[in-house]
Amino acid sequence: MASAGQTHDVLIVGGGPVGLTLALAPVQSARGIRVGLVDRRPLSVPRDNRASAIAAGVRRVFEALGVWPDMAAQSQPITAMRITDSGLGDISRPLFLSFEGDVAPGEAFAHMVPNRVSGQVLLDAVAAQIEVIAPAEIAARESDARSAWLVLADGRVLVAPPVVAADGGQSALRQMAGIHVVEHDYRQTGLVTTIAHELPHDGVAYEHFRPAGPFASLPLPGNRSSLVWTESSADAPRFLAMDKAALALEIEAVMGSTLGAVTVEDDLAGFPLRMRIARDFVATRLALVGDAAHVVHPIAGRGLNLGLKDVAALAEVVIEAVRLGLDHGGDDVLAHYQGWRRLDTSAMAMVTDGMNRLFSNDAAPIRAVRDFGLGPGRPRRPHQGRHDPHSGGGLGQWPEAAEWAADLARPPRQRLDLIRLHAARFIQTQQRHAFVDGEGQARGH
Ligand SMILES: Cc1cc2nc3c(=O)[nH]c(=O)nc-3n(C[C@H](O)[C@H](O)[C@H](O)COP(=O)(O)OP(=O)(O)OC[C@H]3O[C@@H](n4cnc5c(N)ncnc54)[C@H](O)[C@@H]3O)c2cc1C
């Protein structure tokens, strides 16, 4: 069966941003390698008004593949992040956390890349180098000791030592392999649009925490920003039905005077939000990457970044095996990939989940402890040190651990609030690390 089909060295299913990037990696590094890319739809630039915050460490994946200059030309560096928390209706937004800064001197910690731009640049690069098999529907996936093969609905058979599932959150290949997922429905909708505004953003990203959930304003080239915010699934239809003028008033009520008067440019789009993590990232001759392996809450803009780190890890282990003449779809190689990516993914899923729970809540005591814990210039306990940006994110710091332990002795109500406070500090530190996210982390070192 396997020998009767069309043979590749690597077969990738799914031509979203993760699958396209992965397709480019082997051909850059291993001359003559045959990569096939399968998608159920004809590949074209996505009709997607979102923009993705790409962290500095992850951006280096695009740099290594030679596609970054074309993306950078139409992207906006993020030079600082400001976080505000206040009731609605206030004209100015009190600032409670701010971090500025570079990863290296002069290097922004993230760039906002419009999804249409990254899609176009990746598609152009793929068209020049990769065999695309699309549109094609996969009817079955099988494997034996030497190969995996895909049977297409039109009867064609495609064969490769590893097949990679980059077919998104509903991954058919993951289901065919019988890999289960851990799942949580947030009962929230992610709302996305683009605005033009009166005042310059100066490269600053703003996150406003509101009772319904976080509201992020992320800078785009010019006086424009990409907005992503969450509403409960019950309330989202009200926003989706608004005309652009009414929506602009709602947006100004959240942002206060931060960016002046706003004009809504795109129709509002809504995305139901779930967390979905695959219990295994590999099966026999199959590796999951991107949303096929993990879907996380978009609160920290991490989903695609995680997927691109999967790409870096999988490409490295596969190319290394090809160079050494090993079976690059074998269990050892795929286990190495899984070991590399699982911990980082589950940590990020917990961080984004925790941030969403903590900040989608208007209970006055919770806001009070958030303000107390995160506000600039608020008194610190005498033993509380500054977080070292190069540390593991605060958990390893003894003073902090001692505070957590002391709080366990307090009455239950107080204890809950204090635990939320410490969680807020920890999560915030993690978020900063998530943005900075150096190359060492992307390479799993
Ligand atoms: C509101 C919102 C904002 C976000 N903002 C950010 C951000 O700022 N930064 C960030 O890092 N991430 C962000 N994300 C997450 C990011 O969008 C996703 O993680 C990313 O798009 C996943 O890419 P992918 O290639 O894995 O999957 P997809 O983009 O879903 O692509 C899957 C591909 O597989 C194909 N396919 C599906 N099924 C099959 C099949 N059976 N056979 C063949 N082909 C198939 C599809 O046609 C598609 O081309 C956000 C998400 C949301 C919802």
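In the block above lies the structure referred to throughout.
Anyway, here's the lowdown on the structure attached to this text. Keep in mind it's a predicted model, so treat the numbers as computed, not measured. The residue numbering used here restarts from 1 in each chain and proceeds along that chain's sequence as written. Side-chain atom pairs in this predicted model are given and counted only at pLDDT of 80 or more, local residue features only at pLDDT of at least 70, and totals for whole chains, interfaces and linings cover all residues.

1. Observations concerning helix H4 (residues 115–129)
Numbering of helices and strands starts at the N terminus; helices are DSSP runs of H or I of at least 4 residues and strands are runs of E of at least 2. Helix span, expected: 1.5 Å multiplied by one less than the number of residues in the helix. Between its terminal C-alpha atoms H4 stretches 21 Å, which fits the 21 Å expected from 15 residues at 1.5 Å a residue. Residues of H4 that are buried include every one of Asn115, Ser118, Gly119, Val121, Leu122, Ala125 and Val126, and no others. Lining the buried residues of H4 we find helix H1 (17–29), strand E3 (35–38), strand E4 (51–55), helix H3 (68–72), strand E8 (110–114) and strand E9 (131–133). In this scheme the burial state of a residue depends on its C-beta neighbours within 10 Å: 20 or more other such atoms mean buried, 12 or fewer mean exposed, and anything in between means partly exposed; the C-beta positions come from the backbone. Our contact criterion uses C-beta atoms placed from the backbone: two residues qualify when those atoms are within 7 Å.

2. Points about the site of the ligand
Surrounding the ligand, one finds 32 residues, the nearest of these being Gly14, Gly16, Gly168, Gly290 and Gly303. Elements with a contribution of two residues or more to the shell around the ligand: H1, E4, strand E14 (181–197) and helix H8 (303–324). Sort the elements by how many residues they give to the shell around the ligand and H8 lands first, with four residues. Residue classes follow a fixed rule: Ala, Val, Leu, Ile, Met, Phe, Trp, Tyr, Cys and Pro count as nonpolar, while Asp, Glu, Lys and Arg count as charged, and any other residue, Gly among them, counts as polar. Class assignment for the residues of the shell around the ligand results in 13 nonpolar, 12 polar and seven charged. The split into domains, and so the bounds of each, comes from an automatic or database assignment of domains. Inspection of the shell around the ligand shows a minimum of three residues originating in each of domain 1 (2–69 + 114–182 + 274–354) and domain 2 (78–106 + 187–273). Nearness rests on one distance test: the residue's C-beta atom, set from the backbone, must lie within 6 Å of the molecule or strand.

3. Quick word on the sheet that holds strand E5 (residues 76–78)
Paired through backbone hydrogen bonds, the strands of a sheet run either parallel or antiparallel to each other. We call two strands paired when DSSP finds no fewer than two bridges between them. Strand order across the open sheet formed by three strands is E4-E8-E5, with antiparallel pairing between neighbours. Each having just a single partner strand, E4 and E5 make up the two edges of the open sheet. Looking at each pair of strands side by side, their axes are set apart by 30 degrees on average, direction ignored. Where E4 meets E8, five bridges bridge the pair, whose relative direction is antiparallel. Paired with Ser52 across the two strands is Val113, which belongs to E8. The strands touched by helix H2 (residues 56–64) within the sheet are E4 and E8, with E4 carrying the most contacts at an inclination of about 100 degrees. Only the stretch in contact is used when a helix axis is fitted, and all axes are lines through C-alpha atoms; the angle between N-to-C directions ranges over 0 to 180 degrees.

4. Focus: the packing of H1 against H8
At a minimum axis distance of 9 Å, the contact between H1 and H8 shows a crossing angle of 25 degrees. Overall, the two elements H1 and H8 adopt an arrangement that is roughly parallel. In this structure, H1 meets H8 at a crossing whose hand is right-handed. Contacts from Pro17, Val18, Thr21, Leu22, Ala25, Pro26 and Ser29 in H1 reach Leu304, Gly307, Leu308, Asp310, Val311, Leu314, Ala315, Val318 and Ile319 in H8. Grouping the amino acids of the contact of H1 with H8 by side-chain chemistry returns 12 nonpolar, three polar and one charged. Each angle is binned into one of four classes, with values under 35 degrees roughly parallel, values over 145 roughly antiparallel, values of 65 to 115 roughly perpendicular, and all other values oblique. In this scheme, a crossing is called left-handed if the near helix is turned counterclockwise away from the far one by less than a right angle; it is called right-handed if the turn is clockwise.

5. Looking at helix H7 (residues 244–255)
Spanning 12 residues, H7 covers 16 Å between terminal C-alpha atoms, matching the ideal 16 Å at 1.5 Å per step. Those residues of H7 not exposed but buried are Leu247, Ile251, Val254 and Met255. Looking down the long axis of H7, one finds its buried residues gathered within 85 degrees of arc, a one-sided arrangement. Exposed positions of H7 whose direction lies more than 90 degrees from the buried face are Ala245, Ala246, Leu249 and Ala253. Close packing links the buried residues of H7 with E14, strand E15 (204–210), strand E16 (213–220), strand E17 (224–232), helix H6 (236–240) and strand E18 (262–264). Once H7 finishes, Gly256 follows within two positions and takes phi at roughly 60 degrees, a positive value. Working definition: the arc comes from the directions between the helix axis and the C-beta atoms, pointing outward to the latter.

6. Observations concerning unusual backbone geometry
Look at the link from Ala134 to Pro135: it is a cis peptide, with omega at 0 degrees. By the element assignment, Pro135 lies in the loop between E9 and strand E10 (138–143). Unlike most non-glycine residues, Arg187 shows phi in positive territory, near 50 degrees. The exposure class of Arg187 is exposed, given the 11 C-beta atoms found within 10 Å. Phi at Asp202 takes a positive value of approximately 55 degrees, unusual for a residue other than glycine. On the neighbour-count criterion, Asp202 (8 C-beta atoms within 10 Å) is exposed.

7. Focus: the pairing of E14
Note: E14 against strand E19 (residues 269–278), 10 bridges, orientation antiparallel. From the neighbouring strand, Glu183 faces E19, where its bridge partner is Arg276. As paired elements, E14 and E18 share three bridges and run antiparallel to each other. Its bridge partner lying in E18, Ala196 is registered against Thr263.

8. Considerations on the nonpolar core
Working definition: the nonpolar core is a set of buried Ala, Val, Leu, Ile, Met, Phe, Trp, Tyr and Cys residues, joined through C-beta atoms within 7 Å. Counting 94 residues, the largest nonpolar core has Leu22, Val164, Val289 and Leu314 as its most contacted members. Looking at this core, the element that brings in the most residues is H8, giving 11 residues. Looking at which domains feed residues into this core, each of domain 1 (2–69 + 114–182 + 274–354) and domain 2 (78–106 + 187–273) gives three or more. Setting aside residues no more than four positions away along its own chain, Val164 makes contact with Val10, Leu11, Ile12, Val13, Leu22, Ala287, Val289 and Leu314. With nine residues, the next largest nonpolar core counts Val296, Ile299, Ala300 and Met355 among its residues.

9. Some words on the environment of Thr79
With respect to the element layout, Thr79 can be found in the loop between E5 and strand E6 (80–85). Residue classification places Thr79 among the partly exposed positions, given that 17 C-beta atoms sit within 10 Å. Here the alpha-carbon distance between Thr79 and Gly106, two residues 27 residues apart in the chain, equals 9.5 Å.

10. Observations regarding the pairing of E8
Counting buried positions along E8 yields five of five residues, so the element is predominantly enclosed. Residues of E8 alternate between two faces, with Ala110, Met112 and Pro114 on one and His111 and Val113 on the opposite face, all of them buried. Pairing of E5 with E8 involves three bridges; the strand directions are antiparallel. Residue pairing for E8: Pro77 is matched across the bridge by His111.

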